[in-house]
Every structure is written in C-alpha cells, then in structure tokens.
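# What the coordinates show
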Amino acid sequence: MFIARKSIQLIVAFFVLIAISALPALVAQMKFNPASYWEGLKQQFAQLTKLDEITYFNVTAQKEFLLLPTISPFIKETLIIFTTAMLVSAVCAIFYAY
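In this report, the structure presented in the accompanying data block is examined. Remember, predicted model here, so these are calculated numbers, not experimental data.

## Describing the overall build of the protein
Counting its secondary structure elements, the protein contains three helices and two strands. Overall, the protein shows an N-to-C arrangement of helices and strands of α-α-β-β-α. Expressed as a percentage of its 98 residues, the buried residues of the protein come to 9%. The contacts of the protein with a sequence gap of at least 6 include a subset with a gap of at least 24, amounting to 28%.

The following block contains the structure:
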C-alpha cells in the first residue's frame, strides 16, 4: 500500500510539473486566454515524447524556431544523459527509501 501511494504521488507530481510549465501559454500576448493553455499542455507533452530538434513557438511571429540550432546535437545528448541519470537516481532513491 505504501509503495502504491508513493508511486501515485510521484505520478501526480510529474503531471503538476507539466501543468506548471504550460502556464506561460495561459497569458499569451499579455491577455488571458484559457484556450491556449490546452495547446500549451499539448506542446509540453509533444516536447517530452519526441527527440527531434528542441524548438519554441514565437507567438508574435506565429512561427516555430530552433531553440539553440548550433548546439542542438549536444543538447540532445545532454538531455538523454541527464534524463537517464535522473531516472536511475530516482529508482535508487525509491529502493533506498523502502
């Protein structure tokens, strides 16, 4: 029961972090727009599920740009290494806590 409760807390925390990271889409172009929040959430999930170039959407130009085009391969490699290290350390921490 304890493991299930802690696992649910971890999953809820993950979704809360995604929801917080999509908050800037709620106030696009300095006006409150709840419909754009859903688009921001979908964009966050899309960024997490692909390993393509890391991009951002410029609302003013209505265009998607590469975040750091010259060092993009290094960012991908670093992101993969960091994510793997974070997952391994989280698993080790969970095993240590139980």
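## Observations concerning the packing of helix α1 (residues 2-21) against helix α2 (residues 34-49)
Here α1 crosses α2 at 120 degrees, and the two axes come no closer than 9 Å. With respect to α2, the element α1 is oriented oblique. As for the relative orientation of α1 and α2, their crossing is right-handed in sense. For the pair α1 and α2, contact is made by Phe 14, Phe 15, Ile 18, Ala 19 and Ser 21 and by Tyr 37, Leu 41, Gln 44, Phe 45 and Leu 48, respectively. A breakdown of the residues in the contact of α1 with α2 according to their chemical character gives eight nonpolar, two polar and no charged.

## A closer look at a nonpolar patch on the surface
There is a patch of nonpolar side chains on the surface, built from Phe 2, Ile 3, Leu 10, Ile 94 and Tyr 98 and spanning about 470 Å² of accessible area. One can find Ile 3 in helix α1. According to the relative accessible area criterion, Ile 3 is exposed, its value standing at 51%.

## Some words on the packing of aromatic side chains
On inspection of all chains with the given rule, the structure shows one aromatic pair. Judged by centre distance (5.6 Å) and plane angle (65 degrees), the rings of Phe 14 and Phe 15 are edge-to-face.

## A look at the pairing of strand β1 (residues 55-58)
Alignment of β1 against strand β2 (residues 63-66), held across four bridges, turns out to be antiparallel. Residue pairing in the sheet places Phe 57 in a bridge with Glu 64 of β2.

Thresholds applied
Residues numbered from 1 in each chain as written. Predicted model: local features only at pLDDT ≥ 70, side-chain atom pairs only at ≥ 80, totals over all residues. Heavy atoms only, no water. Helix = DSSP H or I, 4+ residues; strand = E, 2+ residues; numbered from the N terminus. Buried < 20%, exposed > 50% of the residue type's maximum accessible area, 1.4 Å probe, protein only. Contact = heavy atoms within 4.5 Å. Axes fitted to C-alpha atoms, helices over the stretch in contact; angles between N-to-C directions. Parallel < 35°, antiparallel > 145°, perpendicular 65-115°, else oblique. Left-handed = near helix turned anticlockwise from the far one by under 90°. Nonpolar A, V, L, I, M, F, W, Y, C, P; charged D, E, K, R; others polar. Patch = residues over 30% accessible without salt bridge, like charges linked within 9 Å, V, L, I, M, F, W, Y side chains within 5 Å. Areas by Shrake-Rupley, 256 points an atom, 1.4 Å probe, with all protein chains shown as cover. Salt bridge = Lys/Arg side-chain N within 4 Å of Asp/Glu carboxyl O. Phe/Tyr/Trp six-rings, centres within 6.5 Å; stacked < 30°, edge-to-face > 60°. Pairing = 2+ DSSP bridges.

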